[in-house]
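Listed below, chain by chain, are the residues.
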Amino acid sequence: MKRIGFLSFGHWSLASHSATRTAQDVLLQSIELAVAAEELGADGAYFRVHHFARQLASPFPLLAAIGARTRRIEIGTGVIDMRYENPFYMVEDAGAADLISGGRLQLGISRGSPEQVIDGWRHFGYAPPEGASDADLGRRHAEVFLDLLRGEGFAKPNPRPMFPNPPGLLRLEPHAEGLRERIWWGSASDATAIWAAQQGMNLQSSTLKADETGEPFHIQQARQIRRYRQAWTEAGHARVPRVSVSRSIFALVSDRDRATFGRGGDSDQVGIIDNMRAVFGRSYVAEPERLIEELKADEAIAEADTLLLTVPNQLGVAYNAHLLETLLTQVAPALGWR
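Conventions used here
- Residues numbered from 1 in each chain as written.
- Predicted model: local features only at pLDDT ≥ 70, side-chain atom pairs only at ≥ 80, totals over all residues.
- Heavy atoms only, no water.
- Helix = DSSP H or I, 4+ residues; strand = E, 2+ residues; numbered from the N terminus.
- Buried < 20%, exposed > 50% of the residue type's maximum accessible area, 1.4 Å probe, protein only.
- Contact = heavy atoms within 4.5 Å.
- Areas by Shrake-Rupley, 256 points an atom, 1.4 Å probe, with all protein chains shown as cover.
- Lys, Arg positive; Asp, Glu negative; His and termini not counted.
- Charge placed at Lys NZ, Arg CZ, Asp CG, Glu CD.
- Pairing = 2+ DSSP bridges.
- Right-handed = clockwise from strand over helix to strand, strands pointing away.
- Salt bridge = Lys/Arg side-chain N within 4 Å of Asp/Glu carboxyl O.
- Polar contact = N/O pair within 3.5 Å; in protein donor to acceptor, adjacent residues only side chain to side chain.
- Phe/Tyr/Trp six-rings, centres within 6.5 Å; stacked < 30°, edge-to-face > 60°.
- Lys NZ or Arg CZ within 6 Å of the ring centre and 35° of its normal.

A. Region of interest: the overall build of the chain. A tally of regular secondary structure across the chain gives 11 helices and 13 strands. Evaluated residue by residue, the chain yields a buried proportion of 53% over its 338 residues. Residue pairs in contact within the chain that sit at least 24 positions apart in sequence constitute 73% of those at least 6 positions apart. Approximately 15600 Å² of the chain is accessible, and the part contributed by carbon and sulfur atoms is 52%. Across the chain, 36 positive and 41 negative side-chain charges occur, with their mean positions spaced 1 Å apart.

Next up, the structure:
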């Protein structure tokens, strides 16, 4: 069995084909797609976070709204860029959203990807200390966030407070019990995957990875996952970690499917992103029978317990629900995922 969810980047535009022409369209349709995915039996609704772009940015109002409209489905991000975040305020937002959802939040966080503007985190009031990088800044914010999620008191109470205090040092409220174990790190390299394991975070690995060996993407990603799990064991954590991978997978079962994606799947691509040589994983596009055989050969999907399907959100809720249903009913069972 494998948990299967969707991952939406939340684009909107005035393009003629777009069903999401405004930010409001994206937000409301994201809620409706999560509701539809739950009804179809999917396990997760995940959303990407980008700043200074016509895409989803502030995740917690959306996650809380989905939590109020659903009952079972996991709700998460992939990923929140920690360079932009105040860890203290984020703990309060995350705690509230998790409590509204009944403990279903699965937060993916990371250093983040290249953004729309130069050093966008500086506009949010953050900068790395002298001699450190923006990646160091993101990891430091993450460490503070993880520490605060433990729910231990750290703030000295006012001796004459407005409201009565419990005894001892105070923590941030609301506290969401168990959320610390539902934090994921989006990793593009073996080294950061190992770091995530040492920190006790679950692992999110996407369709992009540092090209560290020149091998096919799924081979490198599978090795990354194995090294992460080895580091987790060596760190002595008591629980079993979770690992997700993202894929673009489209089963062709209708004329619209063939017209939209009918050029078929592609192959891995290599390029430079943020001064890093990266390998980009292929898309899978075929009729269900052929798709099943191709997916059997993907070693990284086999290693992961969770699969996030990237969705073309601008094509609307109904069509994306169709894409999810096809995968869940005509592909996943044959692979043992259902």
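B. Quick peek at the pairing of strand 4 (residues 105–110). Among the six residues that make up strand 4, six are buried, leaving the element largely enclosed by the rest of the structure. Both faces of strand 4 are covered, namely the face carrying L105, L107 and I109 and the face carrying Q106, G108 and S110. With five bridges joining them, strand 3 (residues 74–81) and strand 4 adopt parallel strand pairing. In the strand pairing of strand 4, D81 is matched with S110. Taking the sense of rotation as the criterion, the β-α-β connection linking strand 3, helix 3 (residues 87–101) and strand 4 turns out right-handed. One ladder, built from three bridges, connects strand 4 with strand 5 (residues 183–186); its direction is parallel. Considered in strand 5, the bridge of G108 is made with W184.

C. Up close: the side chain of E38. With respect to the helices, strands and loops of the structure, E38 is situated in helix 1 (residues 23–40). With no salt bridge to any partner, buried E38 finds its closest opposite charge in R104, at an N-O distance of 4.3 Å. Within polar-contact distance, the side chain of E38 engages the backbone nitrogen of I73 at 2.8 Å. Other than its neighbours up to four places away in sequence, E38 contacts T70, R71, R72, I73 and R104.

D. Layout of unusual backbone geometry. Residue V79 follows G78 across a cis peptide bond; omega there is 10°. Inspection of the secondary structure assignment puts V79 in strand 3. Between E173 and the following residue, P174, the backbone shows a cis peptide bond with an omega angle of 0°. Turning to its location among the elements, P174 is positioned in the loop between helix 5 (134–149) and strand 5. With a phi close to 60°, F52 is a non-glycine residue in the positive phi region. Mapping F52 onto the fold places it in the loop between strand 2 (44–47) and helix 2 (59–69). Residue F52 is classed as partly exposed on the basis of its relative accessible area of 42%. Despite not being glycine, D119 has its phi angle at roughly 50°, a positive value.

E. Just the pattern of salt bridges, in detail. Enumeration according to the criterion identifies 27 salt bridges in this entry. A salt bridge links R226 to E303, with the shortest nitrogen-to-oxygen separation between them at 3.1 Å. Of this pair, R226 sits in helix 7 (residues 217–235) while E303 sits in helix 10 (residues 299–303), and the two are 77 residues apart along the sequence. Judged by its relative accessible area of 23%, E303 is partly exposed. One salt-bridge network, held together by shared partners, links R3, E74, R242 and D305.

F. Region of the structure containing the environment of I183. Secondary-structure assignment places I183 in strand 5. The class of I183 is buried, set by a relative accessible area of 0%. Once residues lying within four places of it in the same chain are set aside, the contact partners of I183 are L107, I109, F145, L146, L149, M201 and N202.

G. Local environment of the packing of aromatic side chains. Across all of its chains, the model carries seven aromatic pairs by this definition. Plain terms: the ring middles of Y84 and F124 are 4.8 Å apart, the flat faces sit at 85° to each other, and that makes the pair edge-to-face. Taken together, the residues Y84 in the loop between strand 3 and helix 3 and F124 in the loop between helix 4 (120–123) and helix 5 connect sequence positions 40 residues apart. Among the aromatic residues, ring-to-ring pairing joins F52, Y84 and F124 into one connected group. Of note, R256 hangs over the ring of Y319, and the distance from its end group to the ring centre comes to 4.0 Å.

Remember, this is a structural readout, not a statement about activity or role.
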